[in-house]
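# Structural features, examined
What follows is the residue order along each chain.
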Amino acid sequence: MRKFLVILGFIAAILAVVLAVTPLSNIALIPAIVAFILGLAIFYLSKKQNQSKKVVQYIFILTIISIGITTYKSVFNEVEVGDTEELQERADESVEDSKEILEDLDIEEIDDIDMEELDGLEID
Amino acid sequence: MQRIILVLAILISSLTYSQNYTVGAGEKLTFTASYNMSGLMTDLAQVTMETSEVKTSKATLLRLKCTAATYSKWDNFFKIRDLYESYVSPRTLTPYLYKRDISEGGYYKFMQYKYSHKTGTVKSLKRKKRKDGTFWNENKNVSIGSATRDLVSTLYKLRTLDFSSYSTGTSKSFTVLFDNKENVVNFKYLGTETISTNIGKKTCYKLAISINNSNVLKGSNDNLLWLTADENKIPVYAKFKIAVGSGELKIKSASGLKN
């Protein structure tokens, strides 16, 4: 039982650290909390069975690291959009290209189409 | 006499119904797209919806532009720079040209639809990137129904509907051409609801979205869209349920509104 909990606890703690490093740092809180609860459970089991509590320390250290990174990121990382110059360039090019295409299309003709036809169906 | 009045009333209502009094040029809406897993929110990308005027020698058109760009913390992982455009008639929002230019984590795709409403066809062009960096094109003629639109113009067309005359539970369906296939998208009116947004507390029309024969969106009545219950009917909040977790789209700012 204790061994099983130790393995689970380590998996959760390591997962928390890994997630905390990625941009998905918010989600790292879930495995961090799981690891913390498992750590407590292992602590009480170890106390009861008079076994070493060293492993609990490792799990707690990893949990604290992951929560630390997550908190740091959520406080100091400002949410901002990266470079959109390339996107802007693409959009500008597209307008020029579109203008040429639209010149070739017969627009006035289309505009006269009875719009009733183009509207969607209504179902009650 | 009564019959004449009835016919007139129907005519007038159908005229106002198909006209666009909602969307003007110079409108800019900015949204934050986020992903929600078990209550933990992660901001993913910024989505913008812009309109502008485009003049050709024959006509003035409205350009509807939607972009999506991931926040900088994601760029090293999965960089998204998507551009969706639709060139529509400012009067009726009928699309003439649609472009979809997406770049998502190394994957590139370009789609272009040239509408010919008279013949009921769309000239579609698909461009993809090969692994060695070269491009290949695929041209296709797709026949479409008279009510078929693209994704972007459908989003804007939705805003021209007169929801105040709808009773709760009324459904409206649109045929949307996506990846050369026609999909039927249903919007079900669920009444009004007041929600607080970044641009203030708004009374909104609440709509449920579903797509026929598609399993992208999960659950019924779990994919919702809130449009402000005023003349502008701007989308302020959207919620989507997907296979793992759910996504959200929240308005950040709105400017240049017509009304």
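Residues numbered from 1 in each chain as written. Chains lettered and ligands numbered in written order. Predicted model: local features only at pLDDT ≥ 70, side-chain atom pairs only at ≥ 80, totals over all residues.

Here we take up the overall build of chain A. When its secondary structure is counted, chain A shows six helices and one strand. Looking at the 124 residues of chain A, the share that counts as buried comes to 26%. The contacts of chain A with a sequence gap of at least 6 include a subset with a gap of at least 24, amounting to 67%. (Helix = DSSP H or I, 4+ residues; strand = E, 2+ residues; numbered from the N terminus. Buried ≥ 20, exposed ≤ 12 C-beta atoms within 10 Å, placed from the backbone. Contact = placed C-beta atoms within 7 Å.)

In terms of regular secondary structure, chain B is built from three helices and 15 strands. The globule rule puts the C-alpha radius of gyration for 259 residues at 18 Å, and the 19 Å found for chain B is close to it. Its C-alpha atoms put chain B at 70 × 45 × 35 Å along the principal axes. Within chain B, the proportion of its 259 residues that are buried is 34%. Contacts in chain B between residues far apart in sequence, at least 24 positions, make up 45% of those at least 6 positions apart. (Rg over C-alpha atoms; globule rule 2.2 N^0.38 Å.)

The subject of this paragraph is helix α2 (residues 29-49) of chain A. Taking 1.5 Å of rise per residue, the 21 residues of α2 of chain A would be expected to cover 30 Å, and the 30 Å separating its terminal C-alpha atoms lies within 8% of that figure. Listed in full, the buried residues belonging to α2 of chain A are L29, P31, A32, A35, F36, L38, G39 and I42 of chain A. In this structure, the buried side of α2 of chain A is in contact with α1 (2-21) and α3 (54-76) of chain A together with β2 (40-55) of chain B. Backbone geometry just downstream of α2 of chain A places N50 of chain A in the positive-phi region, at approximately 55°. (Expected span 1.5 Å × (residues − 1).)

A separate point is the packing of α1 of chain A against α3 of chain A. Residues and elements named next belong to chain A. Interaxial distance between α1 and α3 falls to 8 Å at its minimum, and their mutual angle equals 20°. For the element pair α1 / α3, the angle class is roughly parallel. Read as a crossing pair, α1 and α3 show a hand that is left-handed. Of α3, the residues touching α1 (which contributes V6, G9, F10, A13, I14, A16, V17, A20 and V21) are V55, I59, L62, T63, I65, S66, I69 and T70. The residue makeup of the contact of α1 with α3, split by class, is 13 nonpolar, four polar and no charged. (Axes fitted to C-alpha atoms, helices over the stretch in contact; angles between N-to-C directions. Parallel < 35°, antiparallel > 145°, perpendicular 65-115°, else oblique. Left-handed = near helix turned anticlockwise from the far one by under 90°. Nonpolar A, V, L, I, M, F, W, Y, C, P; charged D, E, K, R; others polar.)

So, on to α1 of chain A. Residue and element names in this part refer to chain A. The end-to-end C-alpha distance of α1 is 29 Å, a good match for the 28 Å that 20 residues give at a rise of 1.5 Å each. For α1, the full list of buried residues reads V6, G9, A12, A13, A16, V17, L19 and A20. Taken end-on, α1 shows its buried residues confined to a sector of 170°, consistent with a single buried face. Exposed residues lying more than 90 degrees from the buried face of α1 are K3, F4 and I7. Among the structural elements, α2 and α3 are those in contact with the buried residues of α1. (Arc of directions from axis to C-beta.)

For M37 of chain B, the position within the fold is in strand β1 (residues 28-37). Under the C-beta neighbour-count criterion, M37 of chain B is labelled partly exposed, with 14 such atoms within 10 Å. The spatial distance from the C-alpha of M37 of chain B to the C-alpha of D132 of chain B is 37 Å, given a sequence separation of 95 residues. Every residue in contact with M37 of chain B, bar those within four places of it in the chain, is listed here: I27 of chain A together with G245 of chain B.

Residues and elements named next belong to chain B. For β1 and strand β15 (residues 246-255), the ladder comprises nine bridges, and the chain directions are antiparallel. For L29, the partnering residue across the bridge sits in β15 and is A254. Across five bridges, the pairing between strand β14 (residues 235-241) and β15 is antiparallel. Along β15, the bridge assignment pairs Y237 with K250. What sits between the antiparallel neighbours β14 and β15 is a turn of four residues, in which G245 has the positive phi angle 75°. (Pairing = 2+ DSSP bridges.)

All names here are of chain B. Across eleven bridges, the pairing between strand β11 (residues 181-197) and strand β12 (residues 200-211) is antiparallel. Along β12, the bridge assignment pairs E193 with C204. Taking the residues between adjacent antiparallel strands as the criterion, β11 and β12 are bridged by two residues. Alignment of β12 against strand β13 (residues 224-228), held across five bridges, turns out to be antiparallel. Within the sheet, the bridge partner assigned to A208 lies in β13 and is L224.

Turning next to the confidence of the model for chain A. Of all residues in chain A, 85% attain a pLDDT of 70 or more, and the chain-wide mean is 83. Within the model, pLDDT remains below 50 along residues 112-118 of chain A, and this stretch shows eleven contacts once partners closer than five positions in the same chain are excluded. (pLDDT = per-residue confidence, 0-100.)

To continue, consider unusual backbone geometry. Most peptide bonds adopt trans geometry, and most residues besides glycine take a negative phi value. All names here are of chain B. Of note in this structure, L93 is not a glycine but carries a positive phi near 60°. Notably, N213 is not glycine yet its phi reads approximately 55°, a positive angle. With respect to the helices and strands, the residue N213 is situated in the loop between β12 and β13. Residue class for N213 comes out exposed when judged on the 6 C-beta atoms lying within 10 Å of it.

Attention now moves to the packing of α2 of chain A against α3 of chain A. Residue and element names in this part refer to chain A. In the contact formed by α2 and α3, the axes pass within 9 Å of each other and the chain directions differ by 160°. Viewed along their axes, α2 and α3 adopt a mutual orientation that is roughly antiparallel. Taken as a pair, α2 and α3 cross one another with a handedness that is left-handed. Only V55, V56, I59, F60, L62, T63, S66, I67 and T70 of α3 make contact with α2, whose side of the interface consists of L29, A32, A35, F36, L38, G39, I42, F43 and S46.

Residue and element names in this part refer to chain A. Within the secondary structure, T84 sits in the loop between α3 and α4 (85-104). In this structure T84 comes out as partly exposed when scored by C-beta crowding, with 15 C-beta atoms within 10 Å. Between the alpha carbons of T84 and L8 there is a distance of 43 Å; along the sequence they are 76 residues apart.

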